[in-house]
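Now for the letters of each chain:
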Amino acid sequence: MFYFTSMSRTLSAPVTVAFDYTRSTGPVLGRFLSGLRDGLVVGGRTSEGTVVVPPPEFDPVTHAAVDDFVEVADTGIVTSWTWVPEPVEGQPFDRPFAFALVSLDGADTPLLHALDVASPGEVSTGMRVRVRWREERVGAITDIECFEPVAAEAAEVSTGSTGGARETLDPVTGIVVPIELDYLYAASPEESLFYRSLAEGRLVGQRCPTCGKVYIPPRSACPSDGTPTAEEVELPDSGTVTTFCIVNVPFLGQRITPPYVSAYVLLDGADIAFLHLILDIPAEKVRMGMRVKAVWKPRNEWGTTIENISHFAPTGEPDADFETYKQHL
Amino acid sequence: MAKQPAAVIGVGQTHHRAKREDVSMAGLCREAMDRALEDAGMGLDEVDAVVVGKAPDLFEGVMMPELFLAEALGAAGKPLLRVHTAGSVGGSTAIVAASLVQAGVHRTVLTVAFEKQSESNAMWALSVPIPFSMPVHAGAGGYFAPHVRSYIRRSGAPGHVGAIVAAKDRQNALKNPYAHLRNPDTTVESVLASQMLWDPIRYDETCPSSDGACALVIAAEDVAAGSPDPAWIHGTVMRSEATSAAERDQVNPQASRDAAAALWKQAGIISPVDEIDVAEIYVPFSWFEPMWLESLGFAAEGEGWRLSESGATAMDGRIPVNCSGGVLSSNPIGASGMLRFGEAALQVRGAAGEHQVDGARRALGHAYGGGSQFFAMWVVGSERPGT
Amino acid sequence: MRDVAVVGFAQRQLAHFDGSPTCVELLVPLFAECYEQTGWTRHDIGFWCSGSSDYLAGRSFSFVQAVDAIGVMPPVNESHVEMDLAWAMYEAWLKIQTGEVDTALVYAFGKSSAGVLRRTLALQLDPYTMTPLWPDTVSLAGLQAREGIDAGLWDERAMAEVANRSLTDAETNEYAIRKGGSSVAELLARPMYADPLRKHDCAPVTDGAAALVIAAEDRAREVCDRPAWIRSLTHVVDPLSLGTRDLTRSPSARQAAAASDLSGVEVAELHAPFSHQELILRAELGLPGDVRVNPSGGALVSNPMFSAGGIRIGEAARRIWSGEADKVLGHATSGPALQQNLVCVMATDGQGE
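Anyway, here's the lowdown on the structure attached to this text. (Residues numbered from 1 in each chain as written. Chains lettered and ligands numbered in written order. Predicted model: local features only at pLDDT ≥ 70, side-chain atom pairs only at ≥ 80, totals over all residues.)

1. Examining the overall build of chain A
When helices and strands are counted, chain A shows 3 helices and 18 strands. Here the C-alpha radius of gyration of chain A, 30 Å, is well above what a compact globule of 329 residues would show, namely 20 Å. Structurally, chain A occupies a C-alpha span of about 90 × 45 × 40 Å along its principal axes. Out of the 329 residues belonging to chain A, those deemed buried represent 48%. By sequence separation, contacts in chain A at least 24 residues apart represent 59% of the contacts at least 6 residues apart. (Helix = DSSP H or I, 4+ residues; strand = E, 2+ residues; numbered from the N terminus. Rg over C-alpha atoms; globule rule 2.2 N^0.38 Å. Buried ≥ 20, exposed ≤ 12 C-beta atoms within 10 Å, placed from the backbone. Contact = placed C-beta atoms within 7 Å.)

Quick look at the structure:
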């Protein structure tokens, strides 16, 4: 799906960059996250005696790994807050809410999390709040659903626990953090010319005004000279395979099923090869110097993409002499 | 104006594994840093500045992770720099750290490079489809395989040379307690029998995907005077060219040749194969050993494979290459270049343990990245330059 | 130390750049401007260093293609930091200090509008205990602003004064994407956005790129009548953790300033993407009331990610070139809530040596 109008200078299309990251936590963060899973907030005591939540992995003064853990209360006071009028994807609420720094009873430093209130008028610095625990907890910061206000009459200052933190069975050692980001990718003006020409079944490159080399796709800067390529040059859809590899390995996000031949195709008249797919010949028969011609998809499937060319196929001509393309390797 | 003398006085690295599930990112870095500091006989508080290197942020899913790591790395209240020059980053980072000392700005600099590849998947991170373009990209192997094919065609190298390199590096790795791949059964035959992944590159001819880190302590002359075995920096160089340019030589890039020439000149080396005692060269796919041997001037063009085939690059050969097992045995991408630089330093300090080359006095550390377009190299020696 | 000066500066700032995330097409004319200012070609440049972010672009190795804009045949001595332009300049300054090179062109670029910037920046936080909540940049700034208001260190009026002055100054800055001051009262009458922040308290999402040219000694003198000599260039980082930091302070900014001689500074360009952050910086740097702050309008009116810090240095240097000032300060920040800070003091010949 491509978003563009004939009016826009450049072509653009959405891209999603998404991965579920698998993070190993190490012993300190693991201890904190194990606590959350068990419905407890665990802080770390630093060499200066400060109880910090979440515990720092290494002591800020001695730089040694923190190993003195302290359970603190799940109630505390708001030390700062901000209103979130337009939440972004992934935040604890998809309706307006507050982010707050909350100093839990027994801790010396605040913890950042969401505070569930309906309007900024319901928040104030110094107000008492408590953790709203998620029912199904897995050992993640999101085991805390949010903070919620504590009704004034119910407010009772907990001293927090000053003893050590209880040992936990089956400690958390890893978490999964899905990260999904949406971008609008734009092609450069020169590339846009190339892709728009493809929508008309044409292959249009540009010549560098400084070195005279023909680039396809054309470039915003000739990489040798730093000058934008300019004069348009229409190229035929036939060329020579300079070099290639046979991809046998499957991987996440792959869009062509292996095995396939990924080849540098040097179009006749171009000074640079581009990567494309070679089909209609067994992979093991593909050769350097093999002459190929584009096989276009049916016209009704064309868009502003190099994928209009389904693949390149052998022409049956004799192979190009090595001397004719060796400077392109 | 001349550079201030600088030396590596501490080298540390992690045990490299496919998944270091026992440590966080901070823990991984600190494992390498603490070893480097112990080696240098100093503590974090004696460090003036910290330089962090890492390959793409998409690998760990953290934007500029040095920011959240700052305190754990002991960088709070100090200057902190973050370098990213693709696969060459570990080398570039060491060079930036060295320049802090060579410029006379700081006396003791700690540099750390890391990658926690198990947090995601490098093939995915390197092959996020770009709209409008052809989705034929297949990670680093897919990128480099066509150029390996070009090298084989150009040089006429026999097909088994890549396997010789792979078997050698895997055997060397057995002498390195930190190496990721430790398979005593790897032979030329077993490499040749392994699956063809990105033809012409076989499974056993590719680097693993590792979690790991490397750290160096680089010091000025007065600090290095307190070290029993400083590795003096005799030359550093960085060169870059384009990923794709008309008629760019992708087998033997000009940036690589230029970098090598500038490096040898700085270090006063006329014949690298005679004057360099041991080399740690960035070889993520086995065929890059002969390719870089040529580009670096250890062999004439088209002749690098003869050195590899003859055994000259083995530990007891004329020019031992990757005695540590190299990138082929451990590849925490962002750290891989610094490991090459650090292993070179260990060799000239006589501290490489079982994979020490006897009497090594001058060593090359080498890294490259992008589409063979970014190069970072250094020469370290047991003698202070100019002496 | 060698005497090194800023002798070239070019910038582009746009609300929405419709080109590619590599920004090559923005960089080519920027480099041309730098060449015009210095009379140099790319062959006169000894070292190149760029700053950018893969996560801003949404793809790995986003900086790789940017070197095309240089024209890299023959190959160049080049590096890249995943940081703001100001730190790219720091690396180049180091390179010159080693004596290896005499000149450098540094550049940075970023297309903030390609994604949802305030959400993307949540990836800068602690990945285990913060990023899963996606705290956005504006929220973090709001927490910081509130702490200062609660502590009586500043108020909404002081914040509005910063915004009004910035918007007014922006009217004479052709690159600013938000401009037009009115009055403090009018700004305060505008609705709250992310309480305690109004929209004018927050930098607009900005695309852009910038380049700086620095050179040593005679190389600087030969191309610039009044080179902006770098008298000190210092940067420091604080811990990220919001809990253990006093958000109303910026110890790293104070430390960087303490290592610099700020006496006699006439103009200070401060990289403060939120109005209250300028107040924090002014206090931490100890700037006297008569220092002209952000005559360009500052980051509050235009904040292209990864170049806005370096732009502050360029804007400050420009005041030396033009003769408007003899001693200036450029400041850059990076990371959430002023975590990392760089202070660059520049002066004309004979000043602040």
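2. A short note on the packing of helix 9 (residues 251-258) of chain C against helix 10 (residues 275-285) of chain C
In a packed pair of helices, the relevant descriptors are the angle between the two axes and the axis-to-axis distance. All names here are of chain C. At their nearest, the axes of helix 9 and helix 10 sit 8 Å apart, and the two run at 40° to each other. It follows from the interaxial angle that helix 9 and helix 10 lie oblique. For the element pair helix 9 and helix 10, the recorded crossing hand is right-handed. Contact with helix 9, carried on its side by Ala253, Arg254 and Ala257, involves Leu281, Glu284 and Leu285 of helix 10 and no other residues of that element. Partitioned by chemical class, the residues of the contact of helix 9 with helix 10 number 4 nonpolar, no polar and 2 charged. (Axes fitted to C-alpha atoms, helices over the stretch in contact; angles between N-to-C directions. Parallel < 35°, antiparallel > 145°, perpendicular 65-115°, else oblique. Left-handed = near helix turned anticlockwise from the far one by under 90°. Nonpolar A, V, L, I, M, F, W, Y, C, P; charged D, E, K, R; others polar.)

3. As for the interface of chain C and chain B
Listed per partner, the contact involves 48 residues of chain C and 48 residues of chain B. Where the side of chain C that touches chain B is concerned, the elements lending two or more residues are helix 2 (54-57), strand 3 (78-81), helix 3 (85-97) and strand 6 (228-237) of chain C. Looking at the side of chain C that touches chain B, the element that brings in the most residues is helix 3 of chain C, giving 5 residues. Across the side of chain C that touches chain B, the residue classes break down as 21 nonpolar, 16 polar and 11 charged.

4. As for the interface of chain B and chain A
Chain B puts 52 residues into the contact, and the matching count from chain A is 55 residues. Elements with a contribution of two residues or more to the side of chain B that touches chain A: helix 1 (25-40), helix 4 (122-126), helix 5 (139-155) and strand 5 (196-199) of chain B. The leading source of residues in the side of chain B that touches chain A is helix 5 of chain B, at 10 residues. Two elements, strand 14 (residues 238-247) of chain A and strand 5 of chain B, share 2 bridges in a ladder whose sense is antiparallel. Pairing of Val247 of chain A across the sheet is with Trp198 of chain B, part of strand 5 of chain B. (Pairing = 2+ DSSP bridges.)

5. Some details on the nonpolar core
Nonpolar side chains in soluble globular proteins tend to be buried together. Among the nonpolar cores identified, the biggest contains 380 residues, and Leu115 of chain A together with Ile214 and Met346 of chain C are the most heavily contacted of them. Broken down by element, the residue count for this core peaks at 10 residues, all from helix 3 of chain C. Those residues in contact with Met346 of chain C that lie beyond four places of it in its chain are Val6, Ala228, Trp229, Ile230, Arg231, Ala316, Ala317, Ile320, Val328 and Gly330 of chain C. (Core = buried A, V, L, I, M, F, W, Y, C linked by C-beta atoms within 7 Å.)

6. Here we look at unusual backbone geometry
Of note, the bond from Met73 of chain C into Pro74 of chain C is cis; its omega dihedral lies within 30 degrees of zero at 0°. Here Pro74 of chain C lies in the loop between helix 2 and strand 3. Cis geometry is found at the peptide bond from Asp195 of chain C to Pro196 of chain C, where omega equals 20°. Considering the arrangement of structural elements, one finds Pro196 of chain C in the loop between helix 7 (184-189) and strand 5 (205-216). If you check the backbone angles, Met64 of chain B has positive phi at about 50° while not being a glycine. Here Met64 of chain B lies in the loop between strand 2 (49-53) and helix 2 (66-69). Judged by the 24 C-beta atoms lying within 10 Å of it, Met64 of chain B is buried. Of note in this structure, Glu217 of chain C is not a glycine but carries a positive phi near 45°.

7. Some points on the pairing of strand 10 (residues 327-334) of chain C
On any regular strand, side chains alternate: one points to one face of the sheet, the next to the other face. All names here are of chain C. Judged by how many residues are buried, strand 10 sits mostly within the fold: 8 of 8 residues are covered. Neither face of strand 10 is exposed, since Lys327, Leu329, His331 and Thr333 on one face and Val328, Gly330, Ala332 and Ser334 on the opposite face are all buried. Pairing of strand 10 with strand 11 (residues 340-347) involves 8 bridges; the strand directions are antiparallel. Along strand 11, the bridge assignment pairs Leu329 with Val345. Between the end of strand 10 and the start of strand 11, which pair antiparallel, lie 5 residues, with Gly335 showing a positive phi angle near 85°.

Geometric descriptors of this kind do not, in isolation, establish any biological role.
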